Amino acid sequence: MKKLHSPALEQRENAKHGEAFFPMQKYITGFSSDYPAVTTHWHEEAELTLITSGHCLYQINLIDYEVNEGDILFVPPLLLHSIAIDPGEAAISETYVFHMNFLGGNSTDVCSTRYLTPLINQELALPCLITPAHPVYGSLRKIFGQITSLYDEKIIGYELALKSLFLQAIFLLLQYSEKTPSSNAKASSDKLKQVLDYIELHYADSISVSELAKLCYFSDYHFMRFFKRHMNMTCVEYINNMRLEKAVELFKEGESSILDVSLSVGFHNLSYFHRAFKKKYHVTPLTFINEIKRDRFLDSVSRGTCPL
């Protein structure tokens, strides 16, 4: 399997991580002024990450963590999380995304019922940030290095060894398990997930603040403060950001009509779409389309599949 650069992710993530019989994937993600954040999202898989360089801000289950080079992060399944850097900063991370079923989370043995299932159900909270000062750091860093070597070398039986190493990592973190989140924190997380899922389904339609506020049983004012506090952007900014990323997906799939793409993702004012697209990606939609065509042409030439 290829090592992938992480895409920009939104709300409940539908990306496939690995294969059905080997549900894990490695991602190397570089954060810079051109790619300053992975916006808030959640998925069924867990994540184990090493910050290989730089400094960034993680938010996991609505709690902020400042992370530095060498820090390790564990994100349990189903928890909201995001990553961002400050202006002028840069960071690189190495992440392994893996489904708990790979470790036996869907079985009925004692390991699943006593540890893995409660972790999946958010009944058991493990440390999310493991710095060099943490007692388990040395052992966990060694395991991370072994995971990297096995994943890259893919020697016979490496899948068995990877499964064992992820279980060892969870075992180590279990020794420092924390109290489960308060009911208030879980309620806020659930409300936010509901809103993000709704936006994902209806981004192409006209969405009002009142519409979203009703999902949470909040007033418009309370909802706007709630969303901005947890997402670090307004709901309008978030919706527009999603629409722009959906537009990029369509352009990459071969759509070349800027007007059609603009309308299909929810921008009904073409000039506004142009301005928003250029502000986010620093190029116009037409330039972006031409760059895609150029890259595909050069790729086909390099592989000898395009007649000159």
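For the structure, see preceding data.
The rules we used
Residues numbered from 1 in each chain as written. Predicted model: local features only at pLDDT ≥ 70, side-chain atom pairs only at ≥ 80, totals over all residues. Heavy atoms only, no water. Helix = DSSP H or I, 4+ residues; strand = E, 2+ residues; numbered from the N terminus. Buried < 20%, exposed > 50% of the residue type's maximum accessible area, 1.4 Å probe, protein only. Contact = heavy atoms within 4.5 Å. Areas by Shrake-Rupley, 256 points an atom, 1.4 Å probe, with all protein chains shown as cover. Pairing = 2+ DSSP bridges. Phe/Tyr/Trp six-rings, centres within 6.5 Å; stacked < 30°, edge-to-face > 60°. Lys NZ or Arg CZ within 6 Å of the ring centre and 35° of its normal. Expected span 1.5 Å × (residues − 1).

1. Comments concerning the overall build of the protein
Next, step 1: Scanning the protein from N- to C-terminus turns up 10 helices and nine strands.
Next, step 2: Residue burial in the protein is summarised as follows: out of 308 residues, 46% are buried.
Next, step 3: Taking contacts inside the protein between residues at least 6 apart in sequence as the whole, the part at least 24 apart equals 68%.
Next, step 4: Taken as a whole, the protein presents about 16,000 Å² of accessible surface, with 55% of it coming from carbon and sulfur.

2. With respect to the pairing of strand 2 (residues 24-31)
Next, step 1: The buried count for strand 2 comes to six of eight residues, which makes it a mostly enclosed element.
Next, step 2: Direction of pairing for strand 2 relative to strand 8 (residues 91-98): antiparallel, over a ladder of eight bridges. Across the sheet, the residue bridging to Met-24 is Phe-98, located in strand 8.

3. Overview of the packing of aromatic side chains
Next, step 1: In total, this model carries 17 aromatic pairs according to the counting rule given.
Next, step 2: Ring centres 5.8 Å apart and planes at 55° place the aromatic pair Phe-267 and Tyr-272 in the tilted group.
Next, step 3: Relative to Phe-288, the ring of Phe-277 has its centre 5.6 Å away and its plane inclined at 75°; by these criteria the two rings are edge-to-face. In this pair, Phe-277 sits in helix 9 (residues 270-281) while Phe-288 sits in helix 10 (residues 285-302), placing the two residues 11 residues apart along the sequence. Phe-288 matches Phe-277 in its accessibility class, with the two residues each being buried.
Next, step 4: Through pairs of rings, three or more aromatic residues link up here, namely Phe-251, Phe-267, Tyr-272, Phe-273, Phe-277, Tyr-281 and Phe-288.
Next, step 5: A cation over a ring is seen here: Lys-154 above Tyr-151, with NZ or CZ 4.1 Å from the ring centre.
Next, step 6: Directly above the aromatic system of Trp-42 lies the positively charged group of Lys-193, at a separation of 4.6 Å from the ring centroid.

4. Overview of helix 2 (residues 137-153)
Next, step 1: An ideal rise of 1.5 Å per residue puts 24 Å on 17 residues; helix 2 measures up with 24 Å between its terminal C-alpha atoms.
Next, step 2: For helix 2, every residue scored as buried is listed here: Tyr-137, Leu-140, Ile-143, Phe-144, Ile-147, Thr-148, Leu-150 and Tyr-151.
Next, step 3: The secondary structure elements touched by the buried residues of helix 2 are strand 2, strand 4 (46-60), strand 6 (72-75), strand 8, strand 9 (129-130) and helix 3 (158-174).

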